Amino acid sequence: MTYNKIKQSALKLFAQKGFDGTTIKDIAGQSGLKPSSIYSHIASKEELFIIIWKECMQNAGRSIEGINNYVINNKNYNAEKILFQYYSTIIHHFINNRAEYLFLRQTSFFTKMKESLNDNKFTNFMISQSSINYFKMFFIKLKQDEKIIEESDENLYYIYIGSMIAYLEEKIVYNIPLGDEFIHIFWTGFWQSITE
């Protein structure tokens, strides 16, 4: 119970203030604990940050498990519809888990940890080589069906994710009251940009 409270408090503070702007004293105060009590649950602030990062990524992954399983079990899937399902599901996941989005967003600015871990996975949580490689199959299929422009799969992924991030930034970071209809508007803008 106390450990979960520490993680929830740290998530909120890291999301608001980033790693360097958050202290163990801040986390203890938010949790209603003494700083020394925090260290009975975690070894360091960095360890806590990494634990929360892993949990946020796992939560995001769980949100799309159903789509992943559908793709695995149905080889004749409609690539355009699958891309939209991922798009909409990921957006809804982060709308419903605002603090997780803001926290993960902070990892892009977290240079100290990236240096100590020597790992580029923290540079942008939505853009990784494994994600590019996974989504490549949808873009290849769409190009084979002559539904989209001939562009590198990597660039198509960047355009796709860029559209998703644009919506999330406006909705979550800038608090622009965008309803679900705007998800379709952003999607339509993305789709028109890659179709001939």
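Asks: Would you take a moment to explain the overall build of the protein chain for this structure?
Replies: A count of helices and strands for the protein chain gives 11 helices and zero strands. When its helices and strands are written in sequence order, the protein chain yields α-α-α-α-α-α-α-α-α-α-α. Principal axes of the C-alpha set define a box for the protein chain whose edges measure 60 × 35 × 30 Å. Sequence separation of 24 or more characterises 66% of the internal contacts of the protein chain that already satisfy a separation of 6 or more. Total accessible area on the protein chain stands at roughly 10500 Å², and carbon and sulfur atoms take up 50% of it.

Asks: Can you help me understand a negative patch on the surface in this one?
Replies: A cluster of acidic residues, Asp145, Glu146, Glu150 and Glu196, forms a negative patch on the protein surface. If you trace the backbone, Glu196 turns up in the segment after α11 (180–194).

Asks: Looking at this structure, how should I read the side chain of His93?
Replies: Its place among the elements puts His93 in helix α6 (residues 79–96). Every residue in contact with His93, bar those within four places of it in the chain, is listed here: Asn59, Ala60, Ser63 and Glu100.

Asks: How should I be thinking about the packing of aromatic side chains in this particular structure?
Replies: Aromatic ring pairs: the centre-centre distance and the angle between the two ring planes describe each pair. A complete count under the given rule lists 26 aromatic pairs for this structure. Aromatic pair Phe14 and Phe103: ring centres 6.1 Å apart, planes at 50 degrees, arrangement tilted. One end of the pair, Phe14, is in helix α1 (residues 2–17); the other, Phe103, is in helix α7 (residues 98–106), with 89 residues separating them in the sequence. Summarising the burial analysis for this pair, Phe14 and Phe103 share the class buried. The cationic tip of Lys45 hangs over the ring face of Phe19; the distance from NZ or CZ to the ring centre is 4.1 Å. A cation over an aromatic ring shows up here: Lys141 above the ring of Tyr77, its NZ or CZ 5.4 Å from the ring centre.

Asks: Could you clarify how one ought to interpret the nonpolar core in this entry?
Replies: Across soluble globular proteins, nonpolar side chains show a tendency to be buried alongside one another. One finds Phe103 and Tyr160 to be the most contacted residues of the largest nonpolar core, which totals 57 residues. Contact partners of Phe103, with chain neighbours within four places excluded, come to Leu11, Phe14, Ala15, Phe49, Ile52, Trp53 and Cys56.

Asks: Before we go on, may I ask you to explain the pattern of salt bridges in this structure?
Replies: A pair can form between side chains of opposite charge whenever their charged atoms are brought close. Enumeration according to the criterion identifies four salt bridges in this entry. The salt bridge involving Asp26 is made with Lys17; its shortest N-O contact spans 3.0 Å. Take Asp26: its relative accessible area is 24%, and that puts it in the partly exposed class. The salt bridge partner of Arg105 is Glu169, with a shortest N-O separation of 2.8 Å.

Reading the values: the criteria
Residues numbered from 1 in each chain as written. Predicted model: local features only at pLDDT ≥ 70, side-chain atom pairs only at ≥ 80, totals over all residues. Heavy atoms only, no water. Helix = DSSP H or I, 4+ residues; strand = E, 2+ residues; numbered from the N terminus. Contact = heavy atoms within 4.5 Å. Areas by Shrake-Rupley, 256 points an atom, 1.4 Å probe, with all protein chains shown as cover. Patch = residues over 30% accessible without salt bridge, like charges linked within 9 Å, V, L, I, M, F, W, Y side chains within 5 Å. Salt bridge = Lys/Arg side-chain N within 4 Å of Asp/Glu carboxyl O. Lys, Arg positive; Asp, Glu negative; His and termini not counted. Charge placed at Lys NZ, Arg CZ, Asp CG, Glu CD. Phe/Tyr/Trp six-rings, centres within 6.5 Å; stacked < 30°, edge-to-face > 60°. Buried < 20%, exposed > 50% of the residue type's maximum accessible area, 1.4 Å probe, protein only. Lys NZ or Arg CZ within 6 Å of the ring centre and 35° of its normal. Core = buried A, V, L, I, M, F, W, Y, C linked by side-chain atoms within 4.5 Å.

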